[in-house]
Amino acid sequence: MRIVVCLKQVYDLAQLRYRSDGRTPLLEGLPVQLGAFEKNALEQAVRFKEAASREPGSEVEVVALSAGSAKLQETIKEALAMGADRAVLVVDPALGGADAAGTARVLAAAIQKLGGADLILLGEGSDDEYTGQIPSRLAALLNLPQITFVRSLELEGRLVRAARDLEQELEIVECELPAVVSVTSELNTPRLPPLSAILKAGRKPMDTWSLHDLAMPADSVGGPAAQVEVLSNLAPAQARKNVMLEGEVEHQVEALLAALEREGVLP
Amino acid sequence: MLVWSERDHLAHELLLFAGAHRRLLGPTYATVFGERATARAEAYRSWEAVRTYVSEAVELTDECLAHTLAGLAEHLQIQLVLLGATRRGRATAPRLAQILGAGCVSEAVELTVEEGQLITSRYTLGGNTLARERILTTRKVIAAVPGAVGVKAAASGVAQATVGTGAAKQAEPVAAAGELLPLPFQPSAGRARVVRREPKPRAGADLAGSQRLVCIGRGLERAEDLPLIHELAKALGAELACTRPLSYEYGWLPEERMLGISGLRPSPRLMLSLGVSGQVQHTVGIMGSRLIVAVNREASAPIFRLADYGIVGDLYEIAPKLTEQLRMRSKG
């Protein structure tokens, strides 16, 4: 069985800074890391692999798949250290500015070039963009069933059973493989790979493909092909007061109470 | 345009938006699927739609919904499909868009018409920024959250304008009753099957509708210290909320009290945040608060950037003193 985990490299938003206007995010030079939701997806895949290794005659291969810039090399090793068997990167300058529809087409083409997958796991959205469109678009492109917002997942042979975490209910859904499943952060706690695994990760196979390798024209998925135009992307204008209450604790508490009174938010 | 949400009041909001912009958006069609669809559809007659398609046979799985809505969109030559951005709607919208060759915004927190164009806003960069976007394709699929179109439909069916938005002012009720029709085709069965549904336990109180919230984070060292926070919440007339680690990881408080990207995103008048560092996944959940007060030991904690009033200090010192002062005030 082959499980493909689609991973996104995301900005480390804890280090996000703004221009002097206080609203324009400064993304140049912002450190990147493996997305948090994707780690939950990968952890699940590795657990399935470990469970299969205890049963004779069943074997699971975990492929980490990612599309983007050459910077992917920096973060994909973490996925290999967590337990992916191999990595496939689609790296192409023409991917710059790709929207969700473009990225989904690239991932679908890469999965087809791999020879397909039994289970495709993704995060419900990415920490930074959070368009949340890739799992559903990918499932449509590959004509596979989809189960989204999954917080617990089981495999019984070729049957996948999942609990979808909806607003007011858990919805228990099942379908036959192959399928696309998107997961929430409640699914599990991703492992921290030990040093030995980190050292071994560099020796695992890694393929790097271009759009040409996927037989996709360079202008078919990047910025020029985007279906959605971003007019602006700014921190909301409603500025907070940012008043720090200084002094002794007694004084701070009194000042806070006075402020709450003034703002009219006390009962 | 075509509208679907499994929540009827959300569908009503979207239909009011359609009514306000009928000249741009053309005739409006609604859909009601799933359990009790026939009974629920009666209310839709007076909600702007010229025609409402009703089917109890459509299963509410992403694939089945996407194919059914795509079939209707083709049948009716629809350019815009508007869905309610529940999790179901957010997952269905991109699949529907992919089938229709449409551009999509799957969680619009604001949807407006500006100079004859549909403009959406959605949170990005972990909720730090709001992206204003325009879909370039002729066909468009948008999933909008409650309140995104500037009207909130009350449970009674009476629409009320929310503050600061324009769409509702243009909304006028339609006199003619819309007709109810069965689907013009057999809905395709999706390959995923719903085995059962388990209602989630409810928080004892309505956090979403609460005026004041006290949100506790990892600054709280032990579950045994929770009474300290309960006392403060009581004195403040507030409900208790928490960050993800306290509910999901430690199990100290139920998940129904968790704020953030995977939890609630309420809009209280006061959010008193104690011992919360302010990770982006959490701050998405508090941004709707009118006034934010933060208490944290670390002066560099990101939460202070979002706060109206901040105190660098120990919540174990601040909370009891604040409780005491609030009690004295209510007695005085």
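Note that the structure is predicted; figures quoted are calculated from it, not measured.

**Quick look at the overall build of chain B**
Tallying secondary structure elements over chain B gives 10 helices and 18 strands in all. Once the C-alpha set of chain B is aligned to its principal axes, its extents read approximately 65 × 45 × 35 Å. Considering only contacts in chain B between residues 6 or more positions apart, those separated by 24 or more positions represent 61%. Total accessible area on chain B is roughly 13,500 Å²; 50% of this is exposed by carbon and sulfur atoms.

**Here we look at the pattern of salt bridges**
If you walk through the whole model with that rule in mind, you get 50 salt bridges over all chains. When the shortest N-O distance is used, the salt bridge between D165 of chain A and R151 of chain A registers 3.0 Å. Residue D165 of chain A is located in strand 10 (residues 159-165), and its partner R151 of chain A is located in strand 9 (residues 146-156); the two are separated by 14 residues in the primary sequence. There is no split in this pair, since D165 of chain A and R151 of chain A are both buried. Across the pair R196 of chain B and E198 of chain B runs a salt bridge whose closest N-O atoms are separated by 3.0 Å. Look at the salt bridges and you will find they share partners, linking R164, E169 and E171 of chain A together with E6, E35, D62, R88 and R197 of chain B into a network.

**Side note on the nonpolar core**
Counting 59 residues, the largest nonpolar core has V81, L82 and V141 of chain B as the members making the most contacts within it. A45, L153 and L187 of chain A together with V194 of chain B belong to the second-largest nonpolar core, a separate cluster that totals 40 residues.

**Quick look at unusual backbone geometry**
Omega for the bond connecting L177 of chain A with P178 of chain A falls within 30 degrees of zero, at 0 degrees, which places this linkage in the cis form. Turning to its location among the elements, P178 of chain A is positioned in the loop between strand 11 (169-176) and strand 12 (179-183). The phi torsion at A215 of chain A lies on the positive side, around 60 degrees, for a residue other than glycine. Along the chain, A215 of chain A turns up in the loop between strand 13 (206-209) and strand 14 (228-234). Positive phi is not limited to glycine here, since E115 of chain B has a value of about 50 degrees.

**Quick word on the confidence of the model for chain B**
Residue and element names in this part refer to chain B. Averaged over chain B, the pLDDT score is 89; the fraction of residues at 70 or greater is 91%. The low-confidence segment residues 155-175 (pLDDT under 50) makes 29 contacts with residues lying over four places distant or belonging to another chain. In the predicted complex, the global pTM is 0.86; the interface-specific ipTM is 0.92.

**Topic: the sheet that holds strand 1 (residues 2-4) of chain B**
Residues and elements named next belong to chain B. Strand order in the open sheet formed by 7 strands is 5-9-4-1-2-3-12, with parallel pairing between adjacent strands. One side of each edge strand has no neighbouring strand; the edge strands of this open sheet are strand 5 (103-108) and strand 12 (179-182). Across the sheet, the mean angle separating the axes of adjacent strands is 20 degrees when strand polarity is ignored. In the sheet, strand 1 pairs with strand 4 (residues 80-84) via 3 bridges, with the strands oriented parallel. Counterpart to L2 in the pairing with strand 4 is V81. Against the sheet, helix 3 (residues 37-44) makes contact with strand 2 (29-33), strand 3 (51-55) and strand 12, and its axis sits at roughly 155 degrees relative to strand 2, the strand it touches most.

**What about the interface of chain B and chain A?**
Interfaces are frequently sized by the accessible area removed from exposure as the parts join. Listed by partner, the interface residues are 81 residues for chain B and 81 residues for chain A. With both sides pooled, the region where chain B packs onto chain A buries about 7,700 Å², and carbon together with sulfur makes up 51% of that total. Taken as a group, R87, L125 and Y309 of chain B account for 11% of the area that chain B buries against chain A, more than any other trio of residues on that side. At the boundary of chain B and chain A, one finds 16 salt bridges.

**Here's the deal with the packing of helix 1 (residues 36-53) of chain A against helix 2 (residues 72-82) of chain A**
All names here are of chain A. Closest axis-to-axis distance for the helix 1/helix 2 pair is 10 Å, and the angle between their directions is 30 degrees. By the angle between their directions, the pair helix 1 and helix 2 is classed as roughly parallel. When the axes of helix 1 and helix 2 are compared, the crossing they make is right-handed. Contacts from K39, L42, E43 and V46 in helix 1 reach E78, A79 and M82 in helix 2. Looking at the contact of helix 1 with helix 2 residue by residue, the classes come out as 4 nonpolar, no polar and 3 charged.

**Side note on the packing of aromatic side chains**
Overall, the coordinates contain 2 aromatic pairs over all chains when judged by the stated rule. Consider the rings of Y44 of chain B and W47 of chain B, whose centres lie 4.8 Å apart with planes at 50 degrees: the pair is tilted. Note on W47 of chain B: relative accessible area 11%, which makes it buried. Note on Y250 of chain B and W252 of chain B: the rings are 4.9 Å apart at their centroids and 45 degrees apart in plane angle, and the pair reads as tilted. The exposure class of Y250 of chain B is partly exposed, given its relative accessible area of 35%. Taking the relative accessible area as the measure of exposure, W252 of chain B reaches 24% and is therefore partly exposed. Looking at K113 of chain A, its charged tip hangs above the ring of W209 of chain A, at a distance of 5.0 Å from the centre.

**Let's talk about the sheet that holds strand 18 (residues 309-312) of chain B**
In spatial order, the strands read 15(A)-18(B)-17(B)-16(B)-14(B)-15(B); together these 6 strands make up an open sheet with parallel pairing. Each having just a single partner strand, strand 15 (243-244) of chain A together with strand 15 (239-242) of chain B make up the two edges of the open sheet. Relative to strand 15 of chain B, strand 14 (residues 212-216) of chain B is paired through 4 bridges, and the arrangement is parallel. Each bridged residue has a counterpart across the sheet, and for I216 of chain B the counterpart in strand 15 of chain B is C242 of chain B. The sheet strands contacting helix 6 (residues 249-263) of chain A are strand 16 (270-274), strand 17 (291-296) and strand 18 of chain B, and the helix crosses strand 18 of chain B at an angle near 170 degrees.

**Re the side chain of T323 of chain B**
Topologically, T323 of chain B is positioned in helix 10 (residues 315-331). Among residues more than four places away in sequence, those in contact with T323 of chain B are E231, L232 and A235 of chain B.

**Concerning the state of the cysteines**
By the definition in use, this model includes 0 disulfides over all chains. Looking at C6 of chain A, it has no disulfide partner, and the nearest cysteine sulfur is the one in C175 of chain A, 16 Å off. We note that C104 of chain B lacks a disulfide partner, and the nearest cysteine sulfur, in C6 of chain A, lies 18 Å from it. Given a relative accessible area of 3%, C104 of chain B falls into the buried group.

Parameters and conventions
- Residues numbered from 1 in each chain as written.
- Chains lettered and ligands numbered in written order.
- Predicted model: local features only at pLDDT ≥ 70, side-chain atom pairs only at ≥ 80, totals over all residues.
- Heavy atoms only, no water.
- Helix = DSSP H or I, 4+ residues; strand = E, 2+ residues; numbered from the N terminus.
- Contact = heavy atoms within 4.5 Å.
- Areas by Shrake-Rupley, 256 points an atom, 1.4 Å probe, with all protein chains shown as cover.
- Salt bridge = Lys/Arg side-chain N within 4 Å of Asp/Glu carboxyl O.
- Buried < 20%, exposed > 50% of the residue type's maximum accessible area, 1.4 Å probe, protein only.
- Core = buried A, V, L, I, M, F, W, Y, C linked by side-chain atoms within 4.5 Å.
- pLDDT = per-residue confidence, 0-100.
- Pairing = 2+ DSSP bridges.
- Axes fitted to C-alpha atoms, helices over the stretch in contact; angles between N-to-C directions.
- Buried area = accessible area lost by both parts, 1.4 Å probe.
- Parallel < 35°, antiparallel > 145°, perpendicular 65-115°, else oblique.
- Left-handed = near helix turned anticlockwise from the far one by under 90°.
- Nonpolar A, V, L, I, M, F, W, Y, C, P; charged D, E, K, R; others polar.
- Phe/Tyr/Trp six-rings, centres within 6.5 Å; stacked < 30°, edge-to-face > 60°.
- Lys NZ or Arg CZ within 6 Å of the ring centre and 35° of its normal.
- Disulfide = S-S within 2.5 Å.

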